[in-house]
Amino acid sequence: MQELLQKELGTSLLRSTGHSGGGCISHGESFHTDQGRIYVKTNSRSEARRMFDGEMASLTAIQQTQTVKVPKPIKVIDLPEGGAVFVMEHLDMRGLNRHAEKLGTQLADLHLHNQKLGEKLKKDSNTVGKGEGQTGVQFTENFGFHVVTCCGYLPQVNDWQEDWVTFFARQRIQPQMDMIEKNSGDKEARELWAKLQLKIPSLFADMEIVPALLHGDLWGGNVAEDDSGPIIFDPATFYGHSEYELAIAGMFGGFSSSFYSAYHSKIPKAPGFDKRLKLYQLFHYMNHWNHFGSGYRGSSINIMRNLVK
Ligand SMILES: Nc1ncnc2c1ncn2[C@@H]1O[C@H](COP(=O)(O)OP(=O)(O)O)[C@@H](O)[C@H]1O
Ligand SMILES: [Mg+2]
């Protein structure tokens, strides 16, 4: 691995900094190199390449909006024995605390970025010669992403869709339901989902949803800060409904009221927010059920029972 990294990164210096970390999914370690400090995530699963390609594309997309700081992605490298590594910039991170409010503001800016691009595009189309030669992020009217991104290690179906409700039901909940069906054949889950599907459109009455670039896995373990401000990392990005982002944030804690008030001062809660948040949490509970087992079944079933009432 040492030699492979040196060759792939073109660095003669590669010395461990002594900093290592592991998230829920991959092992991580930092190194000094000729180009500065790097953080290397290693995963031996056969799906590791796809997972890290998605993470690299996610970080690139977020970075291009210039709204929230993320580690700069560097390279995904296949391991000869199977699995892959993902190399990114090392950042000295500590727990989110002093910069929580700033994260609320910056996250709202990330979510509003695509909408702003759309407004600019409309304005510029009236001005001859403008709007050409664009680089970086382009405006999109659709929901999805150009590559598969993984929430945990499970792939998300990011095929582009015009309609958010269709996207969420077919490409977020249904694949989780199919996995549950395959693993345990849970009859109650299947029946509740059949009922809930009919109910979902009513949770979105009169909503106009502009696709927002999302981090996609924004729980307390994927946010931090350094002296310069907040940092988000380990994303599973796609264009979706901004409210979706707050679902997992609310499940495991780590976000203070100053974060929420800053966020909602830029993106106010729309009517029906609380019910939709539960619907979005359903995805994450099911995703946890499929990752970590039936300890998350109760929460998934309860949400569906409450929403079909
Ligand atoms: N770029 C980085 N620089 C320094 N430390 C990092 C970096 N990325 C992640 N870490 C450390 O590794 C931990 C897990 O990272 P994460 O990307 O969430 O892994 P996983 O995909 O396994 O959840 C973080 O909590 C943090 O302490
Ligand atoms: Mg993580």
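For the structure given in this document, a descriptive report is provided here. Position numbers for residues count from 1 along each chain, tracking the sequence in the order it is written. Chains and ligands are labelled by the order in which they are written, letters from A for the one and numbers from 1 for the other. Local features in this predicted model are restricted to residues of pLDDT 70 or higher, and side-chain atom pairs are both shown and tallied only at a pLDDT of 80 or more, whereas totals for entire chains, interfaces and linings draw on every residue. Note: side-chain values were computed over all heavy atoms of the structure, leaving out hydrogens and water.

The subject of this paragraph is unusual backbone geometry. A positive phi angle is found at Gln66, which is not glycine, with a value near 55°. The secondary structure listing takes helices from DSSP runs of H or I that are at least 4 residues long and strands from runs of E that are at least 2 residues long, numbered from the N terminus. Residue placement: Gln66 occurs in the loop between helix H2 (48–65) and strand S4 (73–78). The cut-offs for exposure are 20% and 50% of the maximum accessible area for each residue type, with area from a 1.4 Å probe on protein chains only; residues under the lower value are buried, those over the upper are exposed, and the others partly exposed. Since its relative accessible area comes to 75%, Gln66 is described here as exposed. Here Asp234, not a glycine, exhibits a phi torsion of approximately 55°, which is positive. Relative to the assigned elements, Asp234 resides in the loop between strand S10 (229–232) and strand S11 (238–240).

Within a regular strand, side chains alternate between the sheet's two faces. In the sheet, strand S1 (residues 14–22) pairs with strand S2 (residues 27–33) via six bridges, with the strands oriented antiparallel. Its bridge partner lying in S2, Arg15 is registered against His32. The antiparallel hairpin formed by S1 and S2 contains four residues in its connecting segment. Of the strand pairs in this sheet, S2 and strand S3 (residues 36–43) are connected by seven bridges, and their pairing is antiparallel. Each bridged residue has a counterpart across the sheet, and for His27 the counterpart in S3 is Thr42. The criterion for strand pairing is that DSSP finds at least two bridges linking the strands in question.

By themselves these figures say nothing about function.
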